[in-house]
Amino acid sequence: MNPNPPSILKLLTSILLLVLLWATASAEEFPVRKWVDRLSKGSGTDHVAVRELVHSFNSMDSAEVEKTLDILEEEGSTAGPAFQLRILHARIWFLQDYNQPYGMEKLVPLLEDMMQKAEATGKEELIAYASWIYGSMMYSYNEMEPAITYSLKAVELYEQMPAFDTLHFYYSYLGEMLFHTNEYTKSIHYTQKAIALNTDTARSNRVLQTKYLNTLGQCYQHLGQPDSAFFFYQESNRLAHAVGHTIWKGINASDLGYWYFVRKQYAPATALLRYSYETCKEKEKGIAAFSLLWLARINILQGKTDSASLFLDRALQLLDSYGKFNPLQVAVKLREVYSAKAELYRVLNQPDSLNFYQQRYQSLRDSLQRVAILSSSKVALLRIENEKNQYLVRATQEEKRREAQKRNSIIIGISLLAIIIILVLARQKARLKHQQEMARLEKSKLHAEVMASREKLDMFTQTLVEKSSLLEQLQEEVREKKLTSSQQDLLLELTNLTILTEDDWNRFRSMFEKVYPGFFMKLKNNSPDITVAEQRMAALTRLSLSTKQMAAMLGISVDAVHKSRQRLRNRLRIDTDVNLEEYMQAVSS
């Protein structure tokens, strides 16, 4: 029997409340200080803390993540440059994960900010860190020219530093970028460096080695060196079997199948390509599509046009499933599928379809060639060289500016000194002239000077009397002040007191009562059910402390202070247009 609708509603409401309570507790318990410390430590090659921080956001929605990042940034505002770069990295990483494949326009300003902050430090380690983040992020959006530019810059800087365990990863990633811009020789160079450094025998490193060997095979394949390509495909396949990595078995089977296809050995090619498709169709759809493409080619050559058509249609479906992700790699495979489609319709003698796919093939081929040219590492190297020149120009300009500033300071100093000397001499001359004039007129002006001196003396005396009266008046007013000197000392001590325990509160309350007698009694009279916590908040409000100071004294967060002040306002039934501090001053008067 099904439960009635009200029961279901109650159940759903309870579940929703539990989820909300759990989410609130999770947000309040986020260890901000711990993450500030973690992000402040480590070398310029350490991305672990950022990765773990971003992974900790998995249970949050985007608004919560943004708020948490803002809190971290504020808490670490005085931390070193390493923290500033890593918190930007975390924000960039989250935005990429959240917006991929869109949103690059949101990332570029952050990446530029990161680069500027890194370069401002003058530390090569941090500049390399920021450059690598910039390059790898651009690569994820297939912006190959900035990807290679900044990645090359990072690797060059890392090479100048002492060797570190993960350097092989940077070499391999750069080799992969260069492969996708047809820079096969340079790709081989960096990939071989990666293989030489990847000596760890852990399974994860051996899987990476499988990838590196396969990259070399593909490079040699494109360079027209089939024997070398076959060797590295076989080495990669052997290692994939040794570590039991199914996907890499499938990838190598696809590349070996293509190798056999080129040599018109269709039987082993077919077996390998079918195995690759079945292995990769769920997790590596691009490889599966590539395998179907060459199976279709074999079928076209064997006159099996229906099977070829099915294989090509399925390959297009697999490539379409990528959506906007990996557009460059998908485009390369689409180009070959369009070429195969055109060949199929040529065999079938369907000129309209043949022309349609030939045009698609040619358009995509031309587009990829333009990308390869624009993304050439030569262009990237020229851009790096240009950046170096700009840096030298800026450095030269800065040095000239400093020299000019120094020169101007010296000139201004000399000018000021000359002016002072002239003024002193002029004053001395004027004084001497005055003395001479006074001596000449001394006898004739003696009486007038005596009378003038008496008048000045009377005025001076009167001024003293007025000042004395004013001083007595001020002293009287001080004596009438409500706060005595000891109370003022108590007030100063109160602002430095931390209220964390009951004993601390009792001590605070005792001294507060001496300064503001009857304060708490008036609060009780106004609201008999006022709590101790609310009394504490009222006392701190009377002292005109900031919310941060209150939070520090009470051992709570700034948000908790705001909530406590609101509860106090509700308890005392204070209107929203009444200033809370002024209200407390009125209570203490």
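Look up: the structure comes first, before these words.
Note that the coordinates shown come from a computational prediction; the quantities given were computed from them, not determined experimentally. Residue positions are given per chain, counting from 1 as you read along its sequence in written order. Where local features are concerned, this predicted model is filtered to residues with pLDDT of at least 70; where side-chain atom pairs are given and counted, the filter is 80 or more; whole-chain, interface and lining totals use all residues. Hydrogen atoms and water are omitted, and side-chain values are computed over all heavy atoms in the structure.

**Some remarks on the overall build of the protein chain**
A run of DSSP states H or I qualifies as a helix once it reaches four residues; a run of E qualifies as a strand once it reaches two. Both are numbered from the N-terminal end. Looking only at helices and strands, the protein chain has 27 helices and zero strands in total. Within the protein chain, the proportion of its 589 residues that are buried is 39%. Looking at the protein chain alone, contacts between residues at least 24 apart form 60% of all its contacts between residues at least 6 apart. Accessible surface area values rest on a Shrake-Rupley calculation with a 1.4 Å probe, where residue burial reflects the displayed protein chains alone. With an accessible surface of roughly 34,600 Å², the protein chain has 55% of that area assigned to carbon and sulfur atoms. Three labels apply to residues, based on accessible area from a 1.4 Å probe with only protein chains included: buried if under 20% of the type maximum, exposed if over 50%, partly exposed otherwise in between. The criterion used for residue contact is that any of the two residues' heavy atoms lie within 4.5 Å.

**A few points about the pattern of salt bridges**
A pairing counts as a salt bridge when a side-chain nitrogen of Lys or Arg comes within 4 Å of a carboxyl oxygen of Asp or Glu. For the structure shown, the criterion picks out 19 salt bridges. The salt bridge involving Arg238 is made with Glu235; its shortest N-O contact spans 3.2 Å. Remark: Glu235 and Arg238 occur in helix α12 (residues 226-243); sequence separation between them is three residues, near one turn of the helix. Here Arg238 falls in the partly exposed class, since its relative accessible area comes to 48%. For Glu235, a relative accessible area of 25% translates into the label partly exposed. Across the salt bridge formed by Glu278 and Lys281, the nearest N and O atoms sit 3.0 Å from each other. Residue classification places Glu278 among the partly exposed positions, given a relative accessible area of 49%. Take Lys281: its relative accessible area is 24%, and that puts it in the partly exposed class. Within the structure, one salt-bridge network assembled from shared partners comprises Glu66, Asp70, Glu73 and Arg91.

**Considering the environment of Leu53**
In this fold, Leu53 is placed in helix α3 (residues 48-55). Take Leu53: its relative accessible area is 0%, and that puts it in the buried class. Each C-alpha atom, one on Leu53 and one on Ile87, is 9.5 Å from the other, the two residues being 34 residues apart in sequence. When sequence neighbours within four positions are dropped, the list of residues in contact with Leu53 reads Phe30, Trp35, Leu39, Leu72 and Ala90.

**Points about unusual backbone geometry**
Phi is positive for Asn182, which is not a glycine, with a value near 65°. Tracing the backbone through its elements, the reader meets Asn182 in the loop between α9 (167-179) and α10 (184-197). At Asn349, a residue that is not glycine, the phi angle is positive and equals roughly 60°.

**Topic: the packing of helix α11 (residues 203-222) against helix α13 (residues 246-262)**
Only the stretch in contact is used when a helix axis is fitted, and all axes are lines through C-alpha atoms; the angle between N-to-C directions ranges over 0 to 180 degrees. Running from amino to carboxyl end, α11 crosses α13 at an angle of 15°, the nearest separation of the two axes being 11 Å. One element, α11, and the other, α13, form an angle in the roughly parallel class. Handedness of the α11/α13 crossing: left-handed. On the side of α11, the interface is formed by Val207, Thr210, Lys211, Asn214, Gln218 and Gln221, while α13 contributes Trp248, Ile251, Asn252, Asp255, Tyr258 and Trp259. Roughly parallel here means an angle under 35 degrees, roughly antiparallel means over 145, roughly perpendicular means 65 to 115, and every remaining angle is called oblique. Crossing handedness is read from the near helix: turned anticlockwise from the far helix by less than a right angle, it gives a left-handed crossing, and turned clockwise, a right-handed one.

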